[in-house]
Amino acid sequence: MRGRNTVLLILLFLASFTIVYILRSGPNVLQRLNQPEADHRDFSVHAHEVHITKPPSKLDQYRQGYPDPHNDTVVLPSKEAMQKMNQGALGDLYHRYINSLQIFCRKVIRLGKLDDGGWDFCDDYRFRPRNNCLVYSYGIQFDFSFDDAIVKKYNCEVHSFDPSMKVGDHKHGQNVFFHATGLSGDNNPSRGTNWKMRTLQKQREELGHSKRPMDVLKVDIEEWEWMAVPQMISSGALDDVRQFAIELHITLNIEPDARKYLLGLSILKDLYDKGFRIFWTHRNLWCKFSPRNGAPQRSGCHEVSFVNINNFN
C-alpha cells in the first residue's frame, strides 16, 4: 500500500512540474510539441535557402581597400558632373587629385638619375617586374639612365623611343633597343618635323608584343601625352601594363583653361577606371604658374607613377 502511495505521489509531482513549466514557457512550447513535423519541414526549407558565401580573394580585398573611406583620398566625380564645373573648380580638383596618393607602396625605388631622367617605381612583390619582363620607355633625349638601371635591376628587355634625337634605330646596350619613333594618337608622321609616330597599340604590333604583358611603361613626351593616352586607353593597349609612369604637362607656364583641365581630369578618371592607382607623384617646378584667383603658385608638370591593381604577381 505504501509503495502505491509513493508511486502516486511521484507521478503527481512530475505532472505538477510539467504543468508549471509549460505555463511559464508560454504557448511556444505547446506549438513546438504539437507541430514537430511542420518544424522539421520548415528547417529543411531554410536549410535549402542558406547561401554559402565564397570568401573574397586577395585581389578583391585589395581592391576594396582603395580608396579608403577613412582617409581623404580624392575620388573624381562623373565626367558629366565635371563638365558643369567652372575653370576654378576644375583647377582645384585637378591639382588636389594629381597630388594625392591612392595606394600604399612599401618599397618605392628610384631608377636612373636622382634629378631629371630618373623615375620612381614600386618594388613591392605584387608589382615588381617578373622574369622575362618587358619595358617601353618613351622620351629619352640622350639620357638612358633609367633604361640602363632597370636592365641592371631586373634584367628586363627595354625598348627606348625618341624621334627627336636624329639617330637611327640601334642597340644601345645589353637588352636596350632604341627606336627613332614617337608616341601619338595616330600613326601619321608629325607635322613640321615629319617624325615617325605610332600609337602604343601599333608599336606593340610591329615589335611582336601585342600578346606579351608589359611590366613597365614610362612616358615623357612633352605634351604629346594628351593625344597618345586617350588612344592607349580606348584601344586596350594599357590593359596588361603593370606599372605606368608618366609626366603630365597640363601647362608649361600659363594657367590652363577649363577645357584643358577637363581633358586632364577625364584621362585621369579613365585611368582610375582601368585599375591604375597613384602611388607616387612629384611636382616639376620648372613649369610653375600663378593662378589668376590669387591662389598659391602651382606646378603645371607632374611626374606620376601608377600601379595597376588588375595585374598582380
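Residues numbered from 1 in each chain as written. Predicted model: local features only at pLDDT ≥ 70, side-chain atom pairs only at ≥ 80, totals over all residues. Heavy atoms only, no water.

**Some points on the packing of aromatic side chains**
Ring pairs (aromatic) are described by centroid distance and by the angle formed between their planes.
Move 1: Under the defined criterion, the tally for this structure stands at nine aromatic pairs.
Move 2: On the basis of an interplanar angle of 45° and a centroid distance of 5.5 Å, the ring pair of Tyr94 and Tyr261 is categorised as tilted. Highlighted residues: Tyr94 in helix H6 (residues 87–98) and Tyr261 in helix H10 (residues 258–273), separated in sequence by 167 residues.
Move 3: The class of Tyr94 is buried, set by a relative accessible area of 0%.
Move 4: What makes Tyr261 buried here is its relative accessible area of 0%.
Move 5: Site record: aromatic cluster; members linked through ring pairs are Tyr136, Tyr138 and Phe161.
Move 6: The lysine or arginine in question, Arg277, covers the ring of Tyr272, its NZ or CZ lying 3.5 Å from the ring centre. (Phe/Tyr/Trp six-rings, centres within 6.5 Å; stacked < 30°, edge-to-face > 60°. Helix = DSSP H or I, 4+ residues; strand = E, 2+ residues; numbered from the N terminus. Buried < 20%, exposed > 50% of the residue type's maximum accessible area, 1.4 Å probe, protein only. Lys NZ or Arg CZ within 6 Å of the ring centre and 35° of its normal.)

**Here we look at the layout of surface pockets**
Move 1: Looking at the largest pocket, its volume works out to about 550 Å³.
Move 2: Residue assignment for the lining of the largest pocket shows that the elements contributing at least two residues are helix H7 (145–154), strand S7 (182–183), strand S10 (241–249) and strand S11 (276–289).
Move 3: Here the lining of the largest pocket is composed, by residue class, of 14 nonpolar, eight polar and eight charged. (1 Å grid on protein atoms, 1.4 Å probe; cavity = no way out; pocket = protein on both sides within 12 Å on 5 of 7 lines; lining within 4 Å. Points joined across faces, edges and corners; volume = space filled by probe spheres on them. Nonpolar A, V, L, I, M, F, W, Y, C, P; charged D, E, K, R; others polar.)

**Structural notes on unusual backbone geometry**
Move 1: With a phi close to 60°, Asn155 is a non-glycine residue in the positive phi region.
Move 2: Structurally, Asn155 is set in the loop between H7 and strand S4 (157–161).
Move 3: You can call Asn155 partly exposed: its relative accessible area is 48%.
Move 4: With a phi close to 65°, Asn175 is a non-glycine residue in the positive phi region.
Move 5: Tracing the sequence through the fold places Asn175 in the loop between strand S5 (170–173) and strand S6 (176–179).
Move 6: You can call Asn175 partly exposed: its relative accessible area is 22%.

Functional significance is not addressed by these values, which are geometric in nature.
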